[in-house]
Amino acid sequence: MDQQLIEKIDAILPQTQCGQCGFSGCRPYAEAIATGHADINQCPPGDVEGIYKLAELLGVQPKPLNTSHGFPKPRSIASIDERMCIGCTFCIQSCPVDAIVGAAKQMHTVIAAECTGCELCIAPCPMNCISLIPIDEHMNDVLNLPADTIKKQVADRARSRYQFRQQRLEREKQANNKSLKHKNIVQSAITPASAEERKQAIVQAAIKRAIAARTRAASNNSPTKPHELS
């Protein structure tokens, strides 16, 4: 796999990590393009501009956007109606760039500067309290920076957050596997012999309790002795 080519393709993609292309993120889509397993026109957020840049990079003819993957939309970010949020964490789990913060049964909120507008948090929300709000494109003028520069900065930051999240999920997966492996080792240490010994110990304890109960019952039912009547 040509890693340099993948890096160049990935640098062109918008880094929304929305999955509309049919892959789990921009990097997997870049890998699929580089290996010939995906076409250059499957990214609605990249739209025509992205298609032409990819075509130029790969030396192929540009083509219309494949709208079966969706249509281009104005850039937006997610917003949570915090009055309705029940703290289910579904949106947190679905965000590909960790742009939503909160805790279970506590109010969640979106880090606006980190949100890519991927919309992946909307469907899982059981309260329908997440909506998209358009970004003020005039902020480019306020910042006095070219639109391409702003777009690249946003994409670079989103890429970094996506990669960090993937690394975090991998660490958590390894930790869970290690914990499960330890649990299996402990369980396997309980041999049939030791299990049988434990069973016998339980039976013996039950027998002792039964004998003690019978002894108490016999004592309570025994005839009263003469000296006890005086």
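Quantities reported herein were computed from a predicted structural model and do not represent experimental measurements.

> Requested: an account of unusual backbone geometry, with residues and values cited.
Here the phi dihedral of Gln 15 falls at roughly 65°; this positive angle occurs in a residue that is not glycine. Secondary-structure assignment places Gln 15 in the loop between helix H1 (3–12) and helix H2 (26–34). For Gln 15, a relative accessible area of 1% translates into the label buried. The backbone of Asn 128 shows a phi angle near 50°, a positive value even though the residue is not glycine. Among the secondary structure elements, Asn 128 is positioned in the loop between strand E3 (109–110) and strand E4 (130–134). Take Asn 128: its relative accessible area is 67%, and that puts it in the exposed class.

> Residues and numbers for the packing of aromatic side chains, please.
Across all of its chains, the model carries 1 aromatic pair by this definition. Judged by centre distance (5.9 Å) and plane angle (25°), the ring pair of Phe 23 and Tyr 29 falls under stacked. The exposure class of Phe 23 is partly exposed, given its relative accessible area of 25%. What makes Tyr 29 buried here is its relative accessible area of 1%. Between the NZ or CZ atom of Arg 171 and the centre of the ring of Phe 164, over which it lies, the distance is 5.9 Å.

> Give a detailed account of a nonpolar patch on the surface, specifying residues and quantitative values.
On the surface, Met 84, Ile 86 and Met 127 cluster together to form a nonpolar patch covering roughly 240 Å² of accessible area. Among the structural elements, Ile 86 can be located in the loop between strand E1 (76–80) and helix H4 (90–94).

> Which residues make up the pattern of salt bridges, and what are the values?
Scanning all chains against the criterion turns up 15 salt bridges. Glu 31 is the salt-bridge partner of Arg 27, the closest N and O atoms lying 3.6 Å from each other. Pair noted here: Arg 27 and Glu 31 are both in helix H2, with a separation of 4 residues, about one helical turn. A salt bridge links Arg 168 to Glu 172, with the shortest nitrogen-to-oxygen separation between them at 3.0 Å. Taken together, the residues Arg 168 and Glu 172, both in helix H6 (residues 147–188) and 4 residues apart, mark about one turn of the helix. Its relative accessible area of 37% is what places Glu 172 among the partly exposed residues.

> Explain the side chain of Gln 42 residue by residue, including any values.
Along the polypeptide, Gln 42 turns up in the loop between H2 and helix H3 (47–58). A relative accessible area of 11% places Gln 42 in the buried class. Within polar-contact distance, the side chain of Gln 42 engages the backbone nitrogen of Asp 39 at 2.9 Å. Once you skip the residues sitting within four places of it in the chain, Gln 42 turns out to touch Gln 20, Cys 21, Phe 23, Tyr 29 and His 69.

> Break down the state of the cysteines for me, citing the residues and quoting the values.
Evaluated as defined, the whole model comprises 0 disulfides. No disulfide involves Cys 85; its nearest neighbouring cysteine sulfur is the one of Cys 129, lying 5.2 Å away. Residue class for Cys 85 comes out buried when judged on its relative accessible area of 17%. Among the cysteines around Cys 121, which has no disulfide bond, Cys 118 carries the closest sulfur, lying 6.0 Å off.

> Explain the pairing of E1 to me, using residue names and the numbers behind them.
With 4 of 5 residues buried, E1 lies mostly within the body of the structure. As defined by bridge partners, E1 adjoins E4 across 5 bridges and the pair is classed as antiparallel. If you follow Ala 78 over to E4, its bridge partner there is Leu 132.

> Mind laying out H3, listing which residues take part and the relevant values?
A rise of 1.5 Å per residue sets the reference length of H3, with its 12 residues, at 16 Å; its end C-alpha atoms lie 17 Å apart and thus fit the reference within 8%. Buried residues of H3: Gly 50, Ile 51, Leu 54 and Ala 55, and no others. Buried residues in H3, looked at end-on, bunch into an arc of 135°, giving them a common side. Facing away from the buried side of H3, by more than 90 degrees, are the exposed residues Tyr 52 and Glu 56. Taken together, the buried residues of H3 touch H1 and H2. The positive-phi residue at the C-terminal boundary of H3 is Gly 59, with phi of around 70°.

Thresholds, definitions, all that
Residues numbered from 1 in each chain as written. Predicted model: local features only at pLDDT ≥ 70, side-chain atom pairs only at ≥ 80, totals over all residues. Heavy atoms only, no water. Helix = DSSP H or I, 4+ residues; strand = E, 2+ residues; numbered from the N terminus. Buried < 20%, exposed > 50% of the residue type's maximum accessible area, 1.4 Å probe, protein only. Phe/Tyr/Trp six-rings, centres within 6.5 Å; stacked < 30°, edge-to-face > 60°. Lys NZ or Arg CZ within 6 Å of the ring centre and 35° of its normal. Patch = residues over 30% accessible without salt bridge, like charges linked within 9 Å, V, L, I, M, F, W, Y side chains within 5 Å. Areas by Shrake-Rupley, 256 points an atom, 1.4 Å probe, with all protein chains shown as cover. Salt bridge = Lys/Arg side-chain N within 4 Å of Asp/Glu carboxyl O. Polar contact = N/O pair within 3.5 Å; in protein donor to acceptor, adjacent residues only side chain to side chain. Contact = heavy atoms within 4.5 Å. Disulfide = S-S within 2.5 Å. Pairing = 2+ DSSP bridges. Expected span 1.5 Å × (residues − 1). Arc of directions from axis to C-beta.

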